Amino acid sequence: MAASDARIGAASGWGLIGPLAVRPPRQGQGIGSALMAEAIIRLRATCKGAALVGDPGYYGRFGFRSFHQLRVGSCPPQFVQALPFDAREPKGELIHHSAFGLEQQG
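All values reported here derive from a predicted model rather than from experimental measurement.

### Quick word on the packing of aromatic side chains
By the definition in use, this model includes 3 aromatic pairs. Ring centres of Tyr-59 and Phe-64 lie 6.3 Å apart, and the angle between their planes is 80 degrees; on these two criteria the pair is classed as edge-to-face. Take Tyr-59 and Phe-64: they sit in the same class, and that class is buried. Through pairs of rings, three or more aromatic residues link up here, namely Tyr-58, Tyr-59, Phe-62 and Phe-64.

### Notes on the nonpolar core
Ranked by size, the top nonpolar core spans 14 residues in total, and within it Ile-17, Met-36, Ile-40, Phe-64 and Phe-85 carry the most contacts. Contributions of two or more residues to this core are made by helix H1 (31-44) and strand S3 (49-53). Among the elements that take part in this core, H1 stands out by supplying 4 residues, more than any other. Apart from residues no more than four positions distant in its own chain, Ile-40 is found in contact with Phe-62, Phe-64, Leu-83 and Phe-85. Counting residues in each nonpolar core, the second largest holds 11 residues, with Ala-6, Ile-8, Val-80 and Leu-94 among its members.

### Section: H1
The end-to-end C-alpha distance of H1 is 20 Å, a good match for the 20 Å that 14 residues give at a rise of 1.5 Å each. Residues of H1 that are buried include every one of Gly-32, Met-36, Ala-39, Ile-40 and Leu-43, and no others. For H1, the arc enclosing every buried residue in end-on projection is 100 degrees, short of the 170-degree limit, so these residues lie on one face. Facing away from the buried side of H1 by more than 90 degrees, the exposed set consists of Ile-41 and Arg-42.

Cut-offs applied
- Residues numbered from 1 in each chain as written.
- Predicted model: local features only at pLDDT ≥ 70, side-chain atom pairs only at ≥ 80, totals over all residues.
- Heavy atoms only, no water.
- Phe/Tyr/Trp six-rings, centres within 6.5 Å; stacked < 30°, edge-to-face > 60°.
- Buried < 20%, exposed > 50% of the residue type's maximum accessible area, 1.4 Å probe, protein only.
- Core = buried A, V, L, I, M, F, W, Y, C linked by side-chain atoms within 4.5 Å.
- Helix = DSSP H or I, 4+ residues; strand = E, 2+ residues; numbered from the N terminus.
- Contact = heavy atoms within 4.5 Å.
- Expected span 1.5 Å × (residues − 1).
- Arc of directions from axis to C-beta.

Listed below in structure tokens is the structure:
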């Protein structure tokens, strides 16, 4: 698992989580959940919130959800999710670190 700085629209200070992966023989043992819980704890100390692109069924367990005005390019909106650490709703494009190789306006 990795976490990097991200921006949502003009709002900096977000943490981007991804990718999260556990080798198939070790899945179902709580490793992924433990990694996600630790990432959220660490990001909560320094960020406005956490964001990611992933399966809503999995990440919803940790409080992530899609927001009407949150997007990443042409990615289906239900997969673009955030977990704000305050009451502010994220609005705009989730801008990934350049290491992800995405061609984004930002």
